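# Secondary and tertiary structure notes
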Amino acid sequence: MQASQAAATPVPTPTSTHSSNQSFRHAKRTAKDYIFGKMIGDGCYSTVFLAKDIHTGKEYAIKVCEKSFIIRQQKVQYIKREKDALNLLSNVPHGFVKLYCTFQDEERLYFVLSYAKNSELLKRINEVGSFEINVAKFYAAELLLALEKMHAKRIIHRDLKPENILLDENMHLKIADFGTVKILNNNNIASDVPIPEDEQNSSNDRSRKVSFVGTAQYVSPELLQHRVDTYASDLWALGCIIYQMISGLPPFRGPTDFLTFQKILKLDYEFPEGFPADAKDLVEKLIVLDHNKRLGASDQGGTYESIRNHPFFEGIDWENIWEQTPPKIS
Ligand code: ADE
């Protein structure tokens, strides 16, 4: 990364270079091992920079969080869960950004992640308006396979959306941003500290903040209303994303988040003319108010067979999709 691509917020840049000897490679990394370049992502409590490893020249996406901000905003649990989820997924070969290492200095936490060169799915949808059906089918299939792996590790993402789905150098999909995940234990109960009962229905600030996670347009009714932890919340988002890849826009859109929520709770959306029948049928079976009745919600055995077998996915080679050349986006 050249000096001209300086980071947008002040992150340490190397003042000296280290020789790339064996002992160094095993030492704990610091910010000085990377040259920080342009900002490539921005979240509620973190900023992602493109960075180059000064020893290998390899590019990474480094997520930087200000410790004082995380503590002030009471997001420590979120950061811990994000790291836990990334670690649980670290040996899954496809479908997720990989966490290479973490380190910290006095002010910041750093997550060194794989760099997805071809940016966000949202950008690709917006560039072409909407996807051809074979393109939508391919990325829906990769997303479904990634969800199978993630749910098998007991992780619910809870904020799936085209901004959090990245494309790597070969145009294969990688899910990113695990900042709002829930990790269930063996009994399928969330393993983090529950909210005290007297806070659950109160209208104080803290309970309101925890009662909604995710992004308005893709949030499932159960996350909005009951704070139920279910894998099927990600299946709702899958339905919204399939709709958006084909039509160009998400199904639930309001001028404010509040009005978007009203539409979600009333299942108030329409299909544009010409929306293919198979895709419409699948979306209607995923965007279902009762999370227990969504297609896939009752599937057992680690694969979403009922979704895989839907006619929309006819022709998908589930075993070899990650080795295939993705269809050109048009
Ligand atoms: N934006 C956020 N995370 C990213 C990543 N891992 N690769 C590319 N862009 C990103």
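One structure accompanies this document, and this report is about it. (Residues numbered from 1 in each chain as written. Predicted model: local features only at pLDDT ≥ 70, side-chain atom pairs only at ≥ 80, totals over all residues. Heavy atoms only, no water.)

### Considering the sheet that holds strand E3 (residues 59-66)
The five strands lie next to each other as E1-E2-E3-E6-E5, forming an open sheet whose pairing is antiparallel. The sheet terminates laterally at strand E1 (34-42) and strand E5 (99-104), the two strands that pair on one side only. The sheet shows a mean angle of 25 degrees between the axes of neighbouring strands, taken without regard to direction. In terms of strand pairing, E5 meets strand E6 (residues 108-114) through five bridges, oriented antiparallel. Within E6, the position partnered with Thr102 by the bridge is Phe111. Packed on one face of the sheet, helix H3 (residues 76-88) meets E3, E5 and E6 and runs near 25 degrees to E6. (Pairing = 2+ DSSP bridges. Helix = DSSP H or I, 4+ residues; strand = E, 2+ residues; numbered from the N terminus. Axes fitted to C-alpha atoms, helices over the stretch in contact; angles between N-to-C directions. Contact = heavy atoms within 4.5 Å.)

### Some remarks on helix H4 (residues 121-128)
Buried within H4 we find Leu121, Leu122, Arg124 and Ile125. Each buried residue of H4 sits inside an arc of 165 degrees when the element is viewed along its axis, so together they form one side. Close packing links the buried residues of H4 with helix H5 (133-152), strand E8 (165-167) and helix H9 (232-247). Taken from the residues just after H4, Gly129 is the one with a positive phi, measuring 90 degrees. (Buried < 20%, exposed > 50% of the residue type's maximum accessible area, 1.4 Å probe, protein only. Arc of directions from axis to C-beta.)

The values are spatial; any link to function lies outside them.
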